[in-house]
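Each chain, written out:
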Amino acid sequence: MRADTKTFFELAEKERVAIKRGRKYVNLVVTSEPDSKFVSEEWINDFFSIPSEYRCNPFEISASGDLYFADKRNIEKLNKSIQEAKKGKATKVQTKGELNALLESL
């Protein structure tokens with residue numbers, strides 16, 4: 001397999017290459033810009049399912065591009081919750097018992 005590395009790298013410059021390693025796949029991506037972000041077709045479809053007036057760039061907040069952060073409504077909810085917590089309007093949980101009690105009360 002290691003002897004084929006050069007072949008796989010050269011092939012990746014011409015077409016999509018995915019190498020199976022155990023139960024996972026490694027996709028080879030060729031770029032001249034190492035800081036580029038790469039996303040799947042599913043990610044793109046999910047991104048465009050967010051109404052355009054609420055879409056924002058999730059990579060500005062999350063290095064992984066988590067789609068939760070691509071929706072301005074979620075960002076607004078987070079900011080509101082942060083402001084409430086700063087005002088002391090939050091529940092502080094320190095132990096497993098406190099967490100269980102909080103979850104049971106919901």
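Attention in this report is confined to the structure presented alongside it. Per chain, residue numbering runs from 1 following the sequence as it is written. Residue-level local features of this predicted model are given only where pLDDT is at least 70; pairs of side-chain atoms are given and counted only at 80 or more, and the full residue set underlies all totals for whole chains, interfaces and linings. Excluding hydrogens and water, the side-chain figures rest on all heavy atoms present in the structure.

1. What to know about the overall build of the protein
Applied cut-off: Helix and strand assignments follow DSSP, with helices taken as H or I runs no shorter than four residues and strands as E runs no shorter than two, numbered in order from the N terminus. The quantity called the radius of gyration is restricted to C-alpha atoms. Its globule counterpart is 2.2 Å times the number of residues to the power 0.38. The rule is simple: take the accessible area with a 1.4 Å probe, protein chains only, and divide by the maximum for that residue type; under 20% is buried, over 50% is exposed, in between is partly exposed. Note on contacts: a residue pair qualifies if any of its non-hydrogen atoms lie within 4.5 Å across the two residues. By the counting rule applied here, Lys and Arg register as positive and Asp and Glu as negative, while His and the ends of each chain are not counted. Just so you know, the charge point we use is NZ for Lys, CZ for Arg, CG for Asp and CD for Glu.
Scanning the protein from N- to C-terminus turns up four helices and two strands. Counting helices and strands in the order they occur from the N terminus, the protein gives α-β-β-α-α-α. Taken against the 2.2 N^0.38 rule, which gives 13 Å for 106 residues, the C-alpha radius of gyration of the protein at 21 Å runs more than 25% over that of a compact globule. Residue burial in the protein is summarised as follows: out of 106 residues, 14% are buried. A fraction of 3% describes how many contacts in the protein between residues 6 or more apart in sequence connect residues 24 or more apart. Taken as two groups, the 19 positive and 17 negative side-chain charges of the protein have centres that lie 6 Å from each other.

2. Topic: the layout of surface pockets
Applicable threshold: Using a 1 Å grid laid over the protein atoms alone, points where a 1.4 Å probe fits but cannot get out form a cavity; open sets with protein on both sides within 12 Å along at least 5 of 7 lines form a pocket; any residue with an atom within 4 Å of a point counts as lining. Grid points are joined across faces, edges and corners, and a volume is the space filled by probe spheres set on the points. Residue polarity is assigned by list, with Asp, Glu, Lys and Arg as charged and Ala, Val, Leu, Ile, Met, Phe, Trp, Tyr, Cys and Pro as nonpolar; anything else, Gly included, falls into the polar class.
The calculated volume of the second largest pocket comes to roughly 150 Å³. For the second largest pocket, the full set of lining residues is Ala-12, Glu-15, Arg-16, Asn-27, Leu-28, Val-29, Val-30, Val-39 and Ser-40. Here the residues of the lining of the second largest pocket sort into five nonpolar, two polar and two charged.

3. Some remarks on the packing of aromatic side chains
Heads up, the condition is: Note on aromatic pairs: the rings of Phe, Tyr and Trp (six-membered ring only in Trp) are paired at centre separations within 6.5 Å, and the planes decide the class, stacked below 30 degrees, edge-to-face beyond 60, tilted for the rest. Note on geometry: a ring has a charge over it if NZ (lysine) or CZ (arginine) is within 6 Å of the ring centre and within 35 degrees of the ring normal.
Going through the model one piece at a time under the given rule, you end up with four aromatic pairs. An angle of 80° between the planes, with centres 5.4 Å apart, marks the rings of Phe-47 and Phe-48 as edge-to-face. Owing to a relative accessible area of 15%, Phe-47 belongs among the buried residues under this scheme. Among the residues examined, Phe-48 registers a relative accessible area of 53% and is labelled exposed. Between the aromatic rings of Tyr-68 and Phe-69, the centroid separation amounts to 5.4 Å while the plane-to-plane angle is 90°, which identifies the pairing as edge-to-face. Judged by relative accessible area, which is 21%, Phe-69 ranks as partly exposed. Here the aromatic residues Trp-43, Phe-47, Phe-48 and Phe-59 are joined through ring pairs into a cluster of three or more. Sitting over the ring of Tyr-54, Arg-73 keeps its end group 4.1 Å from the ring centre.

4. Quick word on the environment of Glu-10
Note the cut-off: Whenever a nitrogen or oxygen atom comes within 3.5 Å of another N or O atom, the pair is scored as a polar contact, on the condition that within protein one atom can donate a hydrogen and the other can accept it, and that pairs from neighbouring residues in sequence are kept only if both atoms are in side chains.
Along the chain, Glu-10 falls in helix H1 (residues 5-12). Glu-10 sits in the partly exposed class, given a relative accessible area of 39%. There is a polar contact of 2.8 Å between the side chain of Glu-10 and the side chain of Lys-6.

5. Some words on the pattern of salt bridges
Under the convention used in this document: Note on definitions: salt bridges are taken to be side-chain nitrogens of Lys or Arg within 4 Å of carboxyl oxygens of Asp or Glu.
Applying the stated criterion across every chain yields a total of two salt bridges. For Glu-10, the salt bridge is made with Lys-6, and the minimal N-O distance between the two is 2.8 Å. With Glu-10 and Lys-6 both in helix H1 and four residues apart, the pair spans about one turn of that helix. A relative accessible area of 58% places Lys-6 in the exposed class. Across the pair Asp-71 and Arg-73 runs a salt bridge whose closest N-O atoms are separated by 2.7 Å.

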